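What follows is each chain in one-letter form.
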Amino acid sequence: MIYTMTLNPALDYVMHPNTLDMGFTNRSSSEELHCGGNGINVSTLLKELDKVTVAMGIVGGFTGEYLLSDLQRQGIPSNFVKLDSGFTRINVKLNGIVMTMVNGNGPRIPEKKVDELLERMDVVGSGDTLVLTGSIPSSLPEDIYTRLMAQLAGRGIQFVVDAPGQLLMEAIKAQPFLIKPNNHEVGRIFDANPETPEECIPFAKKLQDGGARNVIVSCGGAGSLLLDEYGAEHIVPTAKIRLVNATGAGDSMVAGFLAKTTAGYDYDTALIYASACGTATAASKGIAKRATIDRVVTALYKKMGREMPASIAEEIQLARHKEEAREGKSSWLADSDQ
Ligand SMILES: O=P(O)(O)OC[C@@]1(O)O[C@H](CO)[C@@H](O)[C@@H]1O
């Protein structure tokens, strides 16, 4: 089972302002509301790929209730600690000419709620994957991810960490299976300015020396790097799309990588799939839908001049048939049952 942990979930309020003049009233041409926070995004994309996950974390107030009901509506099982006061943050994403985000700090988390969370973690056991991702409210200690991993150490759990700066550097000491910073985050950690996957290799090596087993560094349109646990470097380009929304693209990469590694695919295939999932979300409003992911996977293999593994091609075809059947465009279900 894959568990995702979102300690600071959010409702992402996406606005499309035509202007962004400081000190004046700006108007948005349309708005959207998505349930977010990194772990929830990972669960949402994995749900699109028919992978069951349990979303865990801490929620509060009416925004937290909304988030839980949305997870239920999507059919994503959840196990969240509920706060007695305070509310889950609303992060504002200004999707104008230049994308600007204002992320909330999040509610205050009392120590007893941390204890409750640690108790609930006992459901995670041997063979499970635990994804620890996103920032944490400032009332939580900086070593919270390390504490969670220490509590679960020795149970045969695979940890995945995608967190900013110091949180990440603390967490790699617990030798997570995967970390996924982007090139800007890597640059901030090492006081450098890597732009391409190739330029990220030495920094990925340092992160591996610090304990991480597999290191993915996403570099936006320049492609992605995976330095795998055997020391092999994999680089994939990014499929060309029209950028709609960068929010959740990194989480979608993590989800895509886990979808394929937990299904037994090799790291090379998993990275290509991860990159396609990230790109598909960047081309979507909210987290990508299955049909977009499949289109981008196909485009990426074409761009790379490589043949898609037959099993992935079959999956894509099956998903398309299912979609057509749902929309009443084909009768393949009836045919195949005859
Ligand atoms: O403030 P954090 O926790 O660093 O990031 C939170 C966030 O920006 O990340 C997700 C996309 O990755 C969004 O759904 C969410 O609003």
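Residue numbering note: each chain is counted from 1, following its sequence as written. Only residues with pLDDT of at least 70 get local features here, since the model is predicted, and only at 80 or more are side-chain atom pairs given and counted; chain-wide, interface and lining totals rely on the full set of residues. Hydrogens and water are ignored here; the side-chain numbers use all heavy atoms of the structure.

### Focus: the nonpolar core
A general feature of soluble globular proteins is that nonpolar side chains tend to end up buried together. Ranked by internal contacts, the top residues of the largest apolar core, which has 44 residues, are M5, L7, L130, L132, Y145, L148 and V161. What counts as a domain boundary in this text is fixed by an automatic or database domain assignment. Domain assignment of the residues forming this core places at least three in each of domain 1 (1–20 + 27–125) and domain 2 (177–326). The criterion used for residue contact is that any of the two residues' heavy atoms lie within 4.5 Å. Setting aside residues up to four positions removed in sequence, Y145 forms contacts with L7, L132, T133, G134, S135, I136, V161, A163, L167 and A171. Here, nonpolar core refers to any group of buried Ala, Val, Leu, Ile, Met, Phe, Trp, Tyr and Cys residues whose side-chain atoms link them within 4.5 Å. Throughout, exposure labels follow a simple rule: accessible area from a 1.4 Å probe, protein chains only, divided by the maximum for the residue type, with under 20% read as buried, over 50% as exposed, and the rest as partly exposed.

### Details of the site of the ligand
Nearness is judged by heavy atoms alone; a residue qualifies as near a molecule or strand once a single heavy atom is within 4 Å of it. As a structural note, the neighbourhood of the ligand is formed by 14 residues, with D12, N91, K93, S135 and D251 the closest of them. In this structure, N41 approaches the ligand through a side-chain N or O atom, which is 3.0 Å from an oxygen atom. For the ligand, whose free accessible area comes to 400 Å², the fraction covered by protein is 83%. Secondary structure elements are taken from DSSP: a helix is a run of H or I of four residues or more, a strand is a run of E of two residues or more, and numbering for both begins at the N terminus. Breaking the shell around the ligand down by element, the ones donating at least two residues are α1 (38–48) and β6 (89–95). Top element by residues in the shell around the ligand is β6. It accounts for three residues. Put simply, Ala, Val, Leu, Ile, Met, Phe, Trp, Tyr, Cys and Pro go in the nonpolar bin, Asp, Glu, Lys and Arg in the charged bin, and everything else, Gly too, in the polar bin. When its residues are assigned to classes, the shell around the ligand shows no nonpolar, ten polar and four charged. The two domains that each donate at least three residues to the shell around the ligand are domain 1 (1–20 + 27–125) and domain 2 (177–326). In protein, a polar contact requires one atom able to donate a hydrogen and another able to accept it; more generally it is a pair of N or O atoms within 3.5 Å, and residues adjacent in sequence count only if both atoms are side-chain atoms. Each accessible area is a Shrake-Rupley estimate made with a 1.4 Å probe; only the visible protein chains count as cover when residues are assessed.

### A few points about the domain arrangement of the protein chain
Split by domain assignment, the protein chain resolves into domain 1 (1–20 + 27–125) and domain 2 (177–326). Averaged C-alpha coordinates put domain 1 and domain 2 at centres separated by 22 Å. Tallying the contact residues gives 18 residues for domain 1 and 26 residues for domain 2. Put simply, buried area is the surface a 1.4 Å probe can reach on two separate parts but cannot reach once they are joined, added for both. Carbon and sulfur atoms make up 66% of the surface buried where domain 1 meets domain 2, a total of about 1,700 Å² over both sides. One side-chain nitrogen of Lys or Arg within 4 Å of one carboxyl oxygen of Asp or Glu is enough to make a salt bridge. On the surface where domain 1 and domain 2 come into contact, there are one salt bridge. Residue E48 pairs with K289 through a salt bridge whose shortest N-O separation is 3.7 Å. Summed over the shared surface of domain 1 and domain 2, the number is five residue pairs in polar contact (both at pLDDT 80 or more). Of all the secondary-structure elements, those providing two or more residues to the side of domain 1 that touches domain 2 are β3 (28–36), α1, β6 and β7 (99–102).

### Section: the UniProt feature "domain: Carbohydrate kinase PfkB" (unreviewed entry) in the protein chain
Listed under "domain: Carbohydrate kinase PfkB" (unreviewed entry) in the UniProt record, and renumbered for this structure, are residues 8–287. Taken as a whole, residues 8–287 contains 36% helix and 23% strand, while its terminal C-alpha atoms sit 18 Å from one another. UniProt positions are given in the numbering used here, feature names are shortened, and annotations may be inferred rather than shown by experiment.

### A closer look at the sheet that holds β7
What makes two strands pair is DSSP finding at least two bridges between them. Strand order in this open sheet of four strands is β3-β2-β6-β7, and the pairing throughout is mixed. A single partner strand is all that each edge strand has here, and the edge strands are β3 and β7. Between one strand axis and the next, the sheet turns by 20° as a mean value, whatever way the strands run. Pairing of strand β2 (residues 10–17) with β6, which is carried by six bridges, proceeds in the parallel orientation. Bridge assignment links L11 to a residue of β6, and that residue is I90. Angles shown run from 0 to 180 degrees and are taken between the N-to-C directions of axes, each axis being a line fitted to C-alpha atoms and, for helices, limited to the stretch in contact.

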